[in-house]
Amino acid sequence: MAGATTSRTDGRVLRGEETRRTVLRRAVEIASVEGLDALSIGRLATDLGLSKSGVFAGFGSKEELQLATLRAARRIFSDAVLDPIAAEPPGLRKLRLLCESWLAYSRARVFPGGCFFYEVNAEYDARPGPLRDALAANWREWHATVLGLVNGAVGTGELRADADPEDIAFTLIALLENANPQALLFDEDTPYERAHRAALRRLRSDAVDPDTPALLPDRADRAG
């Protein structure tokens, strides 16, 4: 009898976890296009053919749904942008690959609205509260990631010792994030291409060897 009860409990837990994953997949799609304020328990229940009570049970409030959506988006971003270059050793090539990985993520519409965080940061950047706090923490982590790679390239001797890592990181992030809305607005790839060229010029301007192979496309890319 106890075994049957445990089995039923485990089944409910698994169904609850699957429902939560399904809801969050839809939530990140909506938020990337319409923003976090567009999320609601009722809308998600209707879109997915679920009961409102079932969706509510997984989150408890709209704010928790929004925060959970941010966490889900962060995992998706990490899978798309950071994981592909994780094994690359520190240096200028890894920094270049990070920029290319980010541009590929936005270009591929991993989120229907392009970069999820560009959309929701603009929505909440002047609205104090838990959501802005979570977004600010996420941005600081992203900035720290880019800055860490810049410092890594200084450490390998590929970027000049007198380079300003903070300025380089700021410029690279600005170039990437500016390409995203322009590409969406005009429905063209040109902003991505401009951002890529500008990022390379920025890195070459502080590179010990501006013609270093680390800033050239990989052989497979050149062959393509």
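Scroll up to find the structure.
Residues numbered from 1 in each chain as written. Predicted model: local features only at pLDDT ≥ 70, side-chain atom pairs only at ≥ 80, totals over all residues. Heavy atoms only, no water.

Summed over the entire model, instances satisfying the criterion amount to 17 salt bridges. With a shortest N-O distance of 3.7 Å, Arg43 and Asp47 are connected by a salt bridge. Of the two residues, Arg43 and Asp47 are both situated in helix α2 (residues 41-48); the distance of four residues between them amounts to about one turn of the helix. Overall, Arg43 belongs to the partly exposed group, its relative accessible area being 25%. The residue Asp189 makes a salt bridge to Arg107 at a minimum N-O spacing of 3.4 Å. Taken together, the positions of Asp189 in the loop between α8 (165-186) and α9 (190-206) and Arg107 in helix α5 (residues 92-107) put the pair 82 residues apart, joining distant regions of the chain. For Asp189, a relative accessible area of 38% puts it in the partly exposed group. The exposure class of Arg107 is partly exposed, given its relative accessible area of 35%. (Salt bridge = Lys/Arg side-chain N within 4 Å of Asp/Glu carboxyl O. Helix = DSSP H or I, 4+ residues; strand = E, 2+ residues; numbered from the N terminus. Buried < 20%, exposed > 50% of the residue type's maximum accessible area, 1.4 Å probe, protein only.)

Our next topic: unusual backbone geometry. Even without being a glycine, Arg109 presents a positive backbone phi close to 55°. Its place among the elements puts Arg109 in the loop between α5 and α6 (116-124).

Taking 1.5 Å per residue, 16 residues should reach 22 Å; α5 reaches 23 Å between its end C-alpha atoms and fits that length. Within α5, 13 of the 16 residues are buried, which leaves it mostly tucked inside the rest of the structure. Note on α5: the residue one or two positions beyond its end, Arg109, has a positive phi of about 55°. (Expected span 1.5 Å × (residues − 1).)

It is worth spelling out the side chain of Thr69 at this point. Along the chain, Thr69 falls in helix α4 (residues 62-82). Thr69 has contacts with Leu24, Ala27, Val28, Ala31, Leu36, Leu39 and Phe116, leaving out every residue within four places of it along the chain. (Contact = heavy atoms within 4.5 Å.)

At 3.6 residues per turn, the α-helix brings residues three or four places apart onto the same side. If you check α4, its first and last C-alpha atoms are 29 Å apart, about what 21 residues at 1.5 Å a residue would give, namely 30 Å. Along α4, the residues that are buried comprise Leu65, Gln66, Leu67, Ala68, Thr69, Leu70, Ala72, Ala73, Phe77 and Val81.

This part is about the packing of α4 against α5. The contact between α4 and α5 brings their axes to 8 Å, and the two run at 125°. Relative to α5, the element α4 lies oblique. On α5, the residues that touch Phe77, Ala80, Val81 and Leu82 of α4 are Leu98, Ser101, Trp102 and Tyr105. Grouping the constituent residues of the contact of α4 with α5 by class yields seven nonpolar, one polar and no charged. (Axes fitted to C-alpha atoms, helices over the stretch in contact; angles between N-to-C directions. Parallel < 35°, antiparallel > 145°, perpendicular 65-115°, else oblique. Nonpolar A, V, L, I, M, F, W, Y, C, P; charged D, E, K, R; others polar.)

Further remarks concern the packing of aromatic side chains. Tallying each qualifying case throughout the model produces seven aromatic pairs. For the pair Trp102 and Tyr105, a centre-to-centre distance of 5.6 Å together with 70° between the ring planes defines the contact as edge-to-face. Taken together, the residues span about one helical turn, with Trp102 and Tyr105 both in helix α5 at a distance of three residues. Plain terms: the ring middles of Phe116 and Phe117 are 5.1 Å apart, the flat faces sit at 75° to each other, and that makes the pair edge-to-face. Across this residue pair, the class does not change: Phe116 and Phe117 are buried. Taken together, Phe77, Trp102, Tyr105, Phe111, Phe116, Phe117 and Trp142 form an aromatic cluster joined through their ring pairs. Its end group placed over the ring of Tyr124, Arg127 keeps NZ or CZ at 4.1 Å from the ring centre. (Phe/Tyr/Trp six-rings, centres within 6.5 Å; stacked < 30°, edge-to-face > 60°. Lys NZ or Arg CZ within 6 Å of the ring centre and 35° of its normal.)

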